[in-house]
Amino acid sequence: MRRGRDNFSIMTQDYADARPYLPDPSTAPELFEGVLTRRVIAHLIDLAVIGALLMAVSVVGLILGFLTFGLAWAAMFLVVPGVIVLYYGATLGSTRRATIGMQMMDIVLTPTRGQPLDGWMAILHAGLFWVTFWISWPISLLFALFTPRRQMIHDLVVGTLMIRRSPMTRHWQNTPRTAFY
């Protein structure tokens, strides 16, 4: 009995053939230069942006709470996490693959497992980041110091890589398409 290829393996292989190989810090150090420091600063910028979004939503919720006799205040327990999830889904899941802080710090999130980065993977990435960072942020940061590509725990679990955006295009234009990791 002959086994045929299923649609999933065909789609995965087609996508893997189209994507360039993952960069290596020894051959392309400019892609990883200062990534961990940039990630920390980008996170602080994102916290400020999320804080501003939550302040705006809180003011609207306060006004709506008075108009609905407190009903809107009860909904704020769902609206606040929704704003955070939408922020990460809309920014990381976009074609830029970066939050506002990441764009300012010139870093981009790249998938490593031959699958496209969509909104759901971006939300999963952000959710795992918050869980691992909340449980033990020192271990999460130290973990990145000992991985060659400066990946944190949630990057390895989800299958993503954070690299610098500006040298990324030059690197992938100058590398052969046949080398895969």
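A brief structural summary. (Residues numbered from 1 in each chain as written. Predicted model: local features only at pLDDT ≥ 70, side-chain atom pairs only at ≥ 80, totals over all residues. Heavy atoms only, no water.)

### Quick look at the overall build of the chain
Of the regular secondary structure elements, the chain holds seven helices and two strands. Secondary structure elements of the chain, listed N to C terminal, follow the sequence α-α-α-α-β-α-α-β-α. In the chain, which comprises 181 residues, the share counted as buried stands at 37%. The contacts of the chain with a sequence gap of at least 6 include a subset with a gap of at least 24, amounting to 73%. Just so you have it, the chain exposes about 11,000 Å², and 71% of that area is on carbon and sulfur atoms. (Helix = DSSP H or I, 4+ residues; strand = E, 2+ residues; numbered from the N terminus. Buried < 20%, exposed > 50% of the residue type's maximum accessible area, 1.4 Å probe, protein only. Contact = heavy atoms within 4.5 Å. Areas by Shrake-Rupley, 256 points an atom, 1.4 Å probe, with all protein chains shown as cover.)

### Considerations on the nonpolar core
Judged by nonpolar contacts, the single largest core of 27 residues is most densely connected at Met 102 and Ile 163. Contributions of two or more residues to this core are made by helix H2 (35-67), helix H3 (71-92), strand S1 (107-111), helix H5 (119-145) and strand S2 (160-164). (Core = buried A, V, L, I, M, F, W, Y, C linked by side-chain atoms within 4.5 Å.)

### A word on a nonpolar patch on the surface
A cluster of nonpolar side chains, Val 59, Val 60, Ile 63, Leu 64 and Leu 67, forms an exposed patch at the surface whose accessible area comes to about 470 Å². Relative to the helices and strands, Leu 67 resides in helix H2. (Patch = residues over 30% accessible without salt bridge, like charges linked within 9 Å, V, L, I, M, F, W, Y side chains within 5 Å. Salt bridge = Lys/Arg side-chain N within 4 Å of Asp/Glu carboxyl O.)

### Structural notes on the side chain of Thr 132
Of note, Thr 132 is situated in helix H5. In this structure Thr 132 touches Trp 137, Ser 140, Ile 153 and His 154, once residues within four positions along its chain are discounted.

### Focus: the packing of aromatic side chains
One pair of aromatic rings is described through two measures. These are the centre distance and the angle between the planes. Summed over all chains, the structure comprises four aromatic pairs. A ring pair is formed by Phe 66 and Trp 73, whose centres lie 5.2 Å apart and whose planes are at 80°; its orientation type is edge-to-face. Overall, the relative accessible area of 58% leaves Phe 66 in the exposed class. Ring centres of Phe 129 and Trp 130 lie 5.5 Å apart, and the angle between their planes is 75°; this geometry places the pair in the edge-to-face category. You can call Phe 129 buried: its relative accessible area is 12%. (Phe/Tyr/Trp six-rings, centres within 6.5 Å; stacked < 30°, edge-to-face > 60°.)

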